[in-house]
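# Examining the three-dimensional arrangement
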Amino acid sequence: STVGAGRYLFSHDKLLLSFSNRGGQALGDIAKLHYNIVQCYLDIKGVDDEYAFLAAYHANKSAELYQKHYGKNSLIHLYLEAAAYSSKRSSFFDAATHLRNGLDVLRGDGGNMWESNLKLSLELSKKLVQVELVLANFDACDYHANDILRHTSDQETRI
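This report concerns the structure included in the present document. Just so we're clear, the structure is a prediction, and the values are computed from it rather than from any experiment.

The rules we used
Residues numbered from 1 in each chain as written. Predicted model: local features only at pLDDT ≥ 70, side-chain atom pairs only at ≥ 80, totals over all residues. Heavy atoms only, no water. Helix = DSSP H or I, 4+ residues; strand = E, 2+ residues; numbered from the N terminus. Buried < 20%, exposed > 50% of the residue type's maximum accessible area, 1.4 Å probe, protein only. Contact = heavy atoms within 4.5 Å. Areas by Shrake-Rupley, 256 points an atom, 1.4 Å probe, with all protein chains shown as cover. Core = buried A, V, L, I, M, F, W, Y, C linked by side-chain atoms within 4.5 Å. Expected span 1.5 Å × (residues − 1). Salt bridge = Lys/Arg side-chain N within 4 Å of Asp/Glu carboxyl O.

### Thoughts on the overall build of the protein chain
Across its full length, the protein chain holds ten helices and zero strands. Starting at the N terminus and walking to the C terminus, you meet the elements of the protein chain as α-α-α-α-α-α-α-α-α-α. Going through the 159 residues of the protein chain one by one, you find that 35% of them count as buried. When contacts within the protein chain are restricted to residue pairs at least 6 apart in sequence, those whose partners lie at least 24 apart make up 52%. Split by element, the accessible area of the protein chain, about 9,500 Å² in all, is 54% carbon and sulfur.

In structure tokens:
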């Protein structure tokens, strides 16, 4: 199927069409476009939590550029904010997606995420356990709960 499929083209469809006609450089240009959108949302983020959610969506589309400019931890915190926003609106599937993206970024350096950043690993994993429980994804819930238990030693942290 083609963009628009002979129907009215939304602005987003027009942008995709123009980028797809440009060849190999298009993917980098699309990532830059998403990155610029993220910067706009971050400038006005304080107005409403929804901006964190929208910024996280576009940051995911330009994750490499975002990490270069803002850093890995900033991207992870943006995913946490987006997950909180999604959970408040009972969009638990979106919340789980943002939390998984955060864990993927944390694992991304090839090292042990629990050793490199225990606090963020724990925060993402605990929240993901809660969201997976709401979604009735019991296998995922069990996996992440056991992961927390394997990598934490003190009783207070485990609770």
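### Some details on the nonpolar core
One finds Tyr 66, Leu 75, Ile 76, Leu 78, Leu 99 and Leu 124 to be the most contacted residues of the largest nonpolar core, which totals 32 residues. If you list the elements that add at least two residues to this core, you get α2 (26-44), α3 (50-61), α4 (63-70), α5 (72-88), α6 (92-107), α7 (113-116), α8 (118-134) and α9 (138-151). When residues in this core are grouped by element, the largest group, seven residues, is from α5. Apart from the residues lying within four places of it in its own chain, the contact partners of Leu 124 are Ile 76, Leu 80, Leu 99, Gly 102, Leu 103 and Leu 106.

### Focus on the environment of Phe 93
In this fold, Phe 93 is placed in helix α6. In this structure Phe 93 comes out as exposed when scored by relative accessible area, which is 56%. Spatially, the C-alpha atom of Phe 93 lies 8.5 Å from that of Glu 132, the residues being 39 residues apart in sequence.

### A look at α5
If you check α5, its first and last C-alpha atoms are 25 Å apart, about what 17 residues at 1.5 Å a residue would give, namely 24 Å. Restricting attention to buried positions, one finds in α5 the residues Leu 75, Ile 76, Leu 78, Tyr 79, Leu 80, Ala 82, Ala 83, Tyr 85 and Ser 86. Of the residues flanking the end of α5, it is Ser 90, one or two places downstream, whose phi is positive at about 60 degrees.

### Section: the pattern of salt bridges
Under the defined criterion, the tally for this structure stands at four salt bridges. Of the charged contacts, one joins Lys 127 and Glu 123 as a salt bridge, the two residues approaching to 3.6 Å between their closest N and O atoms. Of this pair, Lys 127 and Glu 123 both sit in helix α8, separated by four residues, roughly a single helical turn. Overall, the relative accessible area of 32% leaves Lys 127 in the partly exposed class.

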